[in-house]
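# Understanding the architecture of this molecule
Single-letter residue listing:
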Amino acid sequence: MKLIVNADKNWGIGLKGKLLVSIPEDLKQFRNETMGHTVVYGRKTLDGFPGGLPLKGRRNIILSSKKDFTAKDAIVVNSVQELFDTLRGIDCDDIYIIGGGSIFNMMEPYCDEAIVTRLDYAYQADTFFPNLDEKENWKIVDTSEEQTCFSIEYHFVRYKNESKLEMP
């Protein structure tokens, strides 16, 4: 499984249910990486999508504690165990964890790769991604040249997890 995220200098990823910034090249990379694959996310992340609808061209799996929650064109699971049971039949290389903060924190130990757009700025944020630089098992394996979008400087960084956990 892979994590894919846009994070600032402090690993902030959102504020009040919105992304911190929208960078066209980052969105393009996200689309290219996840198209045709399985994406896993929480109900609040779905709320932030255009029209509150699941992503087209992907198998959408939404984790929600609300038992009566449904979403058109998505699989909704209501527990972590149900999520693992649903993911069990899917090739791990085909699964992308896309948010939000609690889903990232819960699934990070089970992922073998993280694709991170690292912003060279600290924004005000209320939602955070796990700080992979502080985790001994996560190592940077690739970093792009510095990119710029208007005044925003960023890098595309790939991390590998050298000791991921197996799904229960």
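As shown above, the structure is provided for reference.
Before going into details, it helps to say that this report is about the structure given with it. Everything numeric here is computed off the predicted structure, so don't read it as measured data. (Residues numbered from 1 in each chain as written. Predicted model: local features only at pLDDT ≥ 70, side-chain atom pairs only at ≥ 80, totals over all residues. Heavy atoms only, no water.)

## As for the sheet that holds strand S2 (residues 12–15)
Heads up, the condition is: What makes two strands pair is DSSP finding at least two bridges between them. Here a helix means four or more residues in a row that DSSP labels H or I, a strand means two or more in a row labelled E, and each is numbered from the N terminus.
Taken together, the 3 strands give an open sheet; going across it, the order is S3-S2-S9, and neighbouring strands pair in antiparallel fashion. The open sheet has two edge strands with one neighbour each: strand S3 (18–19) and strand S9 (127–128). Judged from the 2 bridges that link them, S2 and S9 form a sheet pairing that is antiparallel. If you follow Gly 14 over to S9, its bridge partner there is Thr 127.

## Considerations on the pattern of salt bridges
Two side chains that carry opposite charge are able to pair once their charged atoms sit near each other. The following threshold applies: Any carboxyl oxygen of Asp or Glu that lies within 4 Å of a side-chain nitrogen of Lys or Arg is treated as forming a salt bridge with it. Each residue is assigned to one of three classes by its accessible area relative to the maximum for its type, calculated with a 1.4 Å probe on protein chains only: buried under 20%, partly exposed between the two thresholds, exposed over 50%.
Under the criterion given, the structure shown has 9 salt bridges. A salt bridge links Glu 33 to Arg 158; the nearest nitrogen and oxygen atoms lie 2.3 Å apart. One end of the pair, Glu 33, is in helix H1 (residues 24–34); the other, Arg 158, is in strand S12 (residues 152–161), and 125 residues separate them in sequence. Since its relative accessible area comes to 16%, Glu 33 is described here as buried. Where Asp 85 meets Arg 88, a salt bridge forms, and the shortest distance between an N and an O atom there is 3.3 Å.

## Focus on the environment of Leu 119
We apply this condition: Note on contacts: a residue pair qualifies if any of its non-hydrogen atoms lie within 4.5 Å across the two residues.
Mapped onto the secondary structure, Leu 119 falls in strand S8 (residues 113–119). Residue class for Leu 119 comes out buried when judged on its relative accessible area of 2%. The spatial distance from the C-alpha of Leu 119 to the C-alpha of Thr 34 is 21 Å, given a sequence separation of 85 residues. Each residue touching Leu 119, except ones within four places of it in the same chain, is listed here: Asn 6, Ala 7, Asp 8, Lys 9, Val 21, Ile 23, Ile 152, Glu 153 and Tyr 154.

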